[in-house]
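Residue-level structure breakdown
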Amino acid sequence: MSRPRTTPGPVPSAPRNAPDTPRSAPRDTSAAAPDAAPAAAPGTSPAPPREARGRRTRDNAPWTAFGGDLHLDLTERRAAGAGLRAALEDALREAVQDGRLAPGTRLPSSRALGEDLGIARNTVVEAYGQLTAEGWLGSRPGSGTTVTERAAPRPAGRPATVRADRRPTGRHDLLAGRPDLSLFPRSAWLASARRALAVAPHDAFDYGSPLGRIELRQALSDYLARVRGVRTDPDRLLVCAGFGQGLGLLAAALRGRGAGRIAVEGYGLPPQREVLRAAGLGLAPLPLDANGARTDLLDGAGEVGAGGTGVAAGRLGAVLLTPAHQFPTGAALAADRRAAAVRWARERDGYVIEDDYDGEFRYDRQPLGAMQALDPDRVVYGGTAAKSLAPGLRLAWLALPDELVEPVARLKALADTMSPVTDQLTFAELITSGRYDRHVRRCRLHYRRRRDLLVAALAERAPQVRVTGIAAGLHAVLQLPPGSRPEAELLERARAAGLVLTGLDWYRAGPDAERAPGLPAAPDARPYAAPGTAPDTSPDASPDTSPGTSPNGAPNDAPDAPPALVVGYATPSDHAFPAALDTLCGILRES
């Protein structure tokens, strides 16, 4: 006799109507099947049976399989004497009309909605049927009931949508201040995110220090020391949501320490001035020339701010500078001007706020180290990944003097507790892995080619235009000759042609500085050598005396000064840049 097989074979399927199969199992769930889900805790909904997964759910399955929660209040309609069905129909119509139920929204099953509202299922079925006949709802066997496409009138009195982004739009975007977003290193960012999340400790996702994650602060401390010469340590670095937030925190901290005013460069970003004013600080504009801001005038900043600029009374507590690449003129702050600013801060118990604008993007000159290295106790260094990566990441940092760490961190904690953790961990990994350095080098080469294309096109098709401010950064200033159309007219013609850019006047830190929409840019104070060649950026370069600037190289503030346009050559993608250049040259030829 042969021995029976011990190798298990396939298990035969149970008969369709076998008494032990889940399909005909008794409703009493006290004797659950071996693989049934465990009993739910008191007060919770039971999980759907495993056999229900992957097949069409029957009508007696949990109602959430047919749609999400639906809030309908029938109380007022019932109190007004409406019947249940009429009240339900009116409530559903109103939800569709006011947009709470968008087209395509799947409604709960009639049984589920009836149970939720405490009414009979037949009432819901009749209401669904009536609204389907009217065209509000649609129903197909096996697909449930959904809201149909229907033009709904805009409710009266609804406030207009507030546009958070004030950046103008057009077919060709040549606004300064933003990078080519197509260069964002998606693959490197994704690889860094996977690595960072894999090794992050569990407490990284808890509430943490308002200064930011230690991983990023350590990575930034090493990176800034190596690349920009910044002298700091992780305990004095604060991660913030953009330089604008960091500037606001600093301004509030300085105001709390008794400062009433802050000196700013004569041309700069209006949004930054708005942040300073919102913190209660008055502004004292400093003139600009070929060597940057006139920091030698800081001792007399009260006189500098005279003449209707709205400078508030109070102690001058700080000066905001863009020493690496003055924005928008493009000048680098001379060594003696840097020393003068630091000396003023030491003697007057003030601070220098260094916005390292475009510090990583230089083309025709040796890199300039951070001003912060001259005195870490008096200079606040601010940097951002807005241009090297993308502004949407909202990653920036401040290297703070010891005395400002506690007050600024306290204000950061009140503002938003802490910056998002996952992006901080990813950015830290991107830096420490070396991927960030490689990305910045690629971007530097890319933007330099863009700049050269702009210069060559203008030299060939608009030779009367003088290009300045191009030794570094992501924008150029185009100075037009005397007799050209007014700046406002040029901007209007550009807008009509679908070209978005700004004029130099928008950046002026004067009483009328904020009268036009736009963004960063402006002319620089170093002369441009010849079309298609690099500007002379040597220390012995002669002052810029071209039209549009004064003899000392500063932008001409005279009312009849020739116009100057600010052009950001980084924003358009590669395929869009040639068309933008063609449109720009066409506008300039007719200027």
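Residues numbered from 1 in each chain as written. Predicted model: local features only at pLDDT ≥ 70, side-chain atom pairs only at ≥ 80, totals over all residues. Heavy atoms only, no water.

So, about the side chain of Thr123. As for its position among the elements, Thr123 is in helix H4 (residues 121-134). Classification of Thr123 by relative accessible area gives buried; the value is 14%. (Helix = DSSP H or I, 4+ residues; strand = E, 2+ residues; numbered from the N terminus. Buried < 20%, exposed > 50% of the residue type's maximum accessible area, 1.4 Å probe, protein only.)

On to the pairing of strand S12 (residues 396-399). Burial of S12 is two-sided: the residues Ala396 and Leu398 facing one way and the residues Trp397 and Ala399 facing the other way are all buried. Summarising the sheet, strand S4 (residues 237-240) and S12 pair through four bridges and their orientation is antiparallel. Bridge pairing links Leu238 to Leu398 in S12. Of the strand pairs in this sheet, strand S11 (residues 379-384) and S12 are connected by four bridges, and their pairing is antiparallel. Bridged to Gly383 within S12 is Trp397. (Pairing = 2+ DSSP bridges.)

The four strands lie next to each other as S13-S14-S17-S16, forming an open sheet whose pairing is antiparallel. Unpaired on one side and paired on the other, strand S13 (466-468) and strand S16 (502-503) mark the two borders of the sheet. Relative to strand S14 (residues 475-479), S13 runs antiparallel, the two being bridged by three bridges. In the sheet register, Arg466 faces S14, and the bridge partner there is Gln479.

Moving on to the pairing of strand S6 (residues 282-286). Within S6, five of the five residues are buried, which leaves the element mostly enclosed by the surrounding structure. Burial of S6 is two-sided: the residues Gly282, Ala284 and Leu286 facing one way and the residues Leu283 and Pro285 facing the other way are all buried. Bridge count for strand S5 (residues 259-265) against S6 is five bridges, and the pairing is parallel. Considered in S6, the bridge of Ile262 is made with Leu283.

What follows is about the environment of Gln464. Tracing the chain through its elements places Gln464 in the loop between helix H13 (435-461) and S13. On the basis of relative accessible area, Gln464 is assigned to the partly exposed category, the value being 32%. Sequence spacing of Gln464 and Leu480 is 16 residues, and the spatial spacing of their C-alpha atoms is 6.9 Å. Reaching out from Gln464, the side chain makes a polar contact with the backbone oxygen of Leu588 at a distance of 3.0 Å. (Polar contact = N/O pair within 3.5 Å; in protein donor to acceptor, adjacent residues only side chain to side chain.)

Quick look at the packing of aromatic side chains now. Tallied over the entire structure, the rule returns eight aromatic pairs. Taken together, a centroid distance of 5.7 Å and an interplanar angle of 55° make the contact between Phe184 and Trp189 tilted. As far as the burial class goes, Phe184 and Trp189 line up, both buried. Look at Phe361 and Tyr447: their rings are 5.6 Å apart centre to centre, the planes differ by 80°, and that puts the pair in the edge-to-face class. Taken together, the residues span a long stretch of sequence, with Phe361 in the loop between strand S10 (351-355) and S11 and Tyr447 in helix H13 at a distance of 86 residues. The structure contains a cluster of three or more aromatic residues connected by ring pairs, namely Tyr223, Trp397, Phe427 and Tyr436. The aromatic ring of Tyr351 is capped on one face by Arg378, whose charged end is 4.9 Å from the ring centroid. The lysine or arginine in question, Arg450, covers the ring of Phe577, its NZ or CZ lying 4.8 Å from the ring centre. (Phe/Tyr/Trp six-rings, centres within 6.5 Å; stacked < 30°, edge-to-face > 60°. Lys NZ or Arg CZ within 6 Å of the ring centre and 35° of its normal.)

Relative to each other, helix H6 (residues 214-227) and helix H12 (residues 421-432) sit at 35°, their axes nearing to 8 Å. The interaxial crossing formed by H6 with H12 has left-handed handedness. The residues of H12 that touch H6, namely those facing Glu215, Leu216, Ala219, Leu220 and Tyr223, are Gln424, Leu425, Phe427, Ala428, Ile431 and Thr432. Of the residues contributing to the contact of H6 with H12, the split by class is eight nonpolar, two polar and one charged. (Axes fitted to C-alpha atoms, helices over the stretch in contact; angles between N-to-C directions. Left-handed = near helix turned anticlockwise from the far one by under 90°. Contact = heavy atoms within 4.5 Å. Nonpolar A, V, L, I, M, F, W, Y, C, P; charged D, E, K, R; others polar.)

This paragraph deals with the nonpolar core. Within the largest apolar cluster, 32 residues are counted, with the highest numbers of intra-cluster contacts made by Leu174, Leu454, Leu458, Leu478, Leu501, Leu584 and Leu588. The residues contacting Leu501, other than those within four sequence positions of it, are Leu174, Leu175, Leu491, Ala494, Leu565, Val566, Val567 and Leu584. Membership of the second largest hydrophobic core comes to 29 residues, among which are Leu211, Leu254, Ala318 and Ile353. (Core = buried A, V, L, I, M, F, W, Y, C linked by side-chain atoms within 4.5 Å.)

Attention shifts here to the side chain of Thr295. With respect to the element layout, Thr295 can be found in the loop between strand S8 (292-293) and helix H9 (301-304). At a separation of 2.7 Å, a polar atom in the side chain of Thr295 contacts the main-chain carbonyl oxygen of Arg337. Once residues within four sequence positions are removed from consideration, Thr295 is found in contact with Leu321, Arg337, Ala340 and Ala341.

Further remarks concern the sheet that holds strand S9 (residues 315-321). Reading across from one edge, S4-S12-S11-S10-S9-S5-S6 is the order of the seven strands in this open sheet, with mixed pairing throughout. The two strands at the open ends of the sheet, each matched to only one other strand, are S4 and S6. The sheet shows a mean angle of 25° between the axes of neighbouring strands, direction not considered. Pairing between S9 and S10: four bridges, direction parallel. Looking at the pairing, Leu321 lines up with Glu354 of S10. Across the sheet, helix H8 (residues 270-278) is in contact with S5, S6, S9 and S10; its angle to S6 comes to roughly 140°.

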